[in-house]
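Below, each chain spelled out in residue letters.
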Amino acid sequence: MINVLIVDDDFMVAKVHAGFIQRTPGFAVVGVAHTGAQAMVETARLQPDLVLLDIHLPDINGLDLMTKLREAAPELDVLVISAAREVETVRRALRGGIVHYLIKPFSQADLQERLEHYRSAYQGLDLAKDVAEQSDVNRVFGLESAERAEPHLPKGCSPETLKRVVDVLNSTEADLSAAEVADLLGTSRVSARRYLEYLHDESRVEVRLKYGAGRPERRYALKAV
């Protein structure tokens, strides 16, 4: 589970963003701060993996705060969420080593896409191996290598949704049914099963049969790499 601290001076906005995060598999909100001073205290106390950081705070500029937060939590990653659109502000944030810059207002899908990329790219790079391959680095910077393309997807399927299905399976240690995957994605069971069966055909997931009354239930789990 990736623990997230939200730093935003607007109470209602922070609450909305917390809801977005809680509905993203694999992420949990562990705290909320509305000032830089509160953010320092909560970061030191909670040691979150990721902070959603607003730039316009009442007591400090968020980009100045970023350096201080990393002193309290050296392994901290930062995703900036701000209404600030000035090019120099964005450049300064990028120089500070943020994982993404999301301009307000944004939708749940916008934030979820960035969070899923963070989980698969940044977290995956930390855990996968001692030595990174170029494909690992490309993934961090949003460049998909040719070997990871999906040229033979079934008709009506998209690479974006396929990635979300894989992320859902990757976020749990248990196997899942098509209905459970559909609930987590907000899609139909038929659609979820189409992607799951494609992954099974490609030998990327294994199917386990759960027996009970009636027809056995097909349950899916990613194969160990």
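Tallying secondary structure elements over the protein chain gives 9 helices and 8 strands in all. For the protein chain, buried positions account for 42% of its 225 residues. For the protein chain, the proportion of contacts with a sequence separation of at least 24, taken over those separated by at least 6, is 59%. Taken as a whole, the protein chain presents about 12500 Å² of accessible surface, with 52% of it coming from carbon and sulfur.

Packed helix pairs are specified by the crossing angle of their axes together with the interaxial distance, meaning the distance between the axes. For the pair helix α2 (residues 36-46) and helix α3 (residues 62-72), the least separation of the axes is 9 Å and the interaxial angle reads 20 degrees. Put simply, α2 runs roughly parallel to α3. In this structure, the crossing between α2 and α3 has a hand that is right-handed. Within the contact between the two elements, α2 uses Gly36, Ala39, Met40, Thr43 and Ala44 and α3 uses Leu65, Lys68, Leu69 and Ala72. Class assignment for the residues of the contact of α2 with α3 results in 6 nonpolar, 2 polar and 1 charged.

By the bridge criterion, 2 bridges tie strand β6 (residues 176-177) to strand β8 (residues 217-222) in an arrangement that is antiparallel. Looking at β8, one finds that leucine 176 is bridged to tyrosine 220. Judged from the 6 bridges that link them, strand β7 (residues 205-210) and β8 form a sheet pairing that is antiparallel. Directly across from valine 207, in β8, lies its bridge partner tyrosine 220. Hairpin remark: β7 followed by β8, antiparallel, with 6 residues in the connecting loop; positive phi at glycine 214, about 85 degrees.

Quick look at the pairing of strand β5 (residues 100-103) now. Inspection of the sheet shows strand β4 (residues 77-82) paired to β5 by 4 bridges, in the parallel sense. Within the sheet, the bridge partner assigned to serine 82 lies in β5 and is isoleucine 103. Assessed by its sense of winding, the connection that carries the chain from β4 through helix α4 (residues 87-95) to β5 is right-handed.

A sheet is described by the order of its strands in space; here 3 strands give the open sequence β6-β8-β7, paired in antiparallel fashion. Each end of this open sheet is capped by a strand with a single partner; those strands are β6 and β7. Packed onto the sheet, helix α7 (residues 159-170) meets β6, β7 and β8 and runs at close to 90 degrees relative to β8. Against the sheet, helix α9 (residues 189-201) engages β7 and β8, with an angle of about 60 degrees to β8.

Attention now goes to the pattern of salt bridges. One pass over the structure, following the stated rule, counts 15 salt bridges. In this structure, the salt-bridge partner of arginine 219 is aspartate 175, at a minimum N-O distance of 2.8 Å. Residue arginine 219 is located in strand β8, and its partner aspartate 175 is located in the loop between α7 and β6; the two are separated by 44 residues in the primary sequence. Taking the relative accessible area as the measure of exposure, aspartate 175 reaches 17% and is therefore buried.

Here the focus is the nonpolar core. Membership of the largest hydrophobic core comes to 20 residues, with the highest contact counts inside it found for Val7, Val51, Leu53, Val78 and Val80. For this core, the element with the highest residue contribution is α3, accounting for 4 residues. In this view, valine 80 contacts Leu53, Ile55, Leu63, Ala93, Ile98, His100, Tyr101 and Leu102; residues no more than four positions away in its chain are not counted.

A separate point is the environment of isoleucine 81. With respect to the helices, strands and loops of the structure, isoleucine 81 is situated in strand β4. Owing to a relative accessible area of 0%, isoleucine 81 belongs among the buried residues under this scheme. Considering only alpha carbons, one finds isoleucine 81 and leucine 53, 28 residues apart in sequence, at a separation of 5.7 Å. In this structure isoleucine 81 touches Asp8, His17, Leu52, Leu53, Asp54, Ile55, Leu102, Lys104 and Phe106, once residues within four positions along its chain are discounted.

The end-to-end C-alpha distance of α7, which contains 12 residues, comes to 16 Å, matching closely the 16 Å that a straight helix rising 1.5 Å per residue would cover. Restricting attention to buried positions, one finds in α7 the residues Leu162, Val165, Val166, Asp167, Val168 and Leu169.

Let us look at the side chain of aspartate 54. Locating aspartate 54 in the fold gives a position in the loop between β3 (50-53) and α3. At 3.3 Å, the side chain of aspartate 54 forms a polar contact with the side chain of lysine 104. With near-sequence residues (within four places) excluded, aspartate 54 lies in contact with Val7, Asp8, Asp9, Gly62, Ile81, Ser82 and Lys104.

What counts, and where the lines are drawn
Residues numbered from 1 in each chain as written. Predicted model: local features only at pLDDT ≥ 70, side-chain atom pairs only at ≥ 80, totals over all residues. Heavy atoms only, no water. Helix = DSSP H or I, 4+ residues; strand = E, 2+ residues; numbered from the N terminus. Buried < 20%, exposed > 50% of the residue type's maximum accessible area, 1.4 Å probe, protein only. Contact = heavy atoms within 4.5 Å. Areas by Shrake-Rupley, 256 points an atom, 1.4 Å probe, with all protein chains shown as cover. Axes fitted to C-alpha atoms, helices over the stretch in contact; angles between N-to-C directions. Parallel < 35°, antiparallel > 145°, perpendicular 65-115°, else oblique. Left-handed = near helix turned anticlockwise from the far one by under 90°. Nonpolar A, V, L, I, M, F, W, Y, C, P; charged D, E, K, R; others polar. Pairing = 2+ DSSP bridges. Right-handed = clockwise from strand over helix to strand, strands pointing away. Salt bridge = Lys/Arg side-chain N within 4 Å of Asp/Glu carboxyl O. Core = buried A, V, L, I, M, F, W, Y, C linked by side-chain atoms within 4.5 Å. Expected span 1.5 Å × (residues − 1). Polar contact = N/O pair within 3.5 Å; in protein donor to acceptor, adjacent residues only side chain to side chain.

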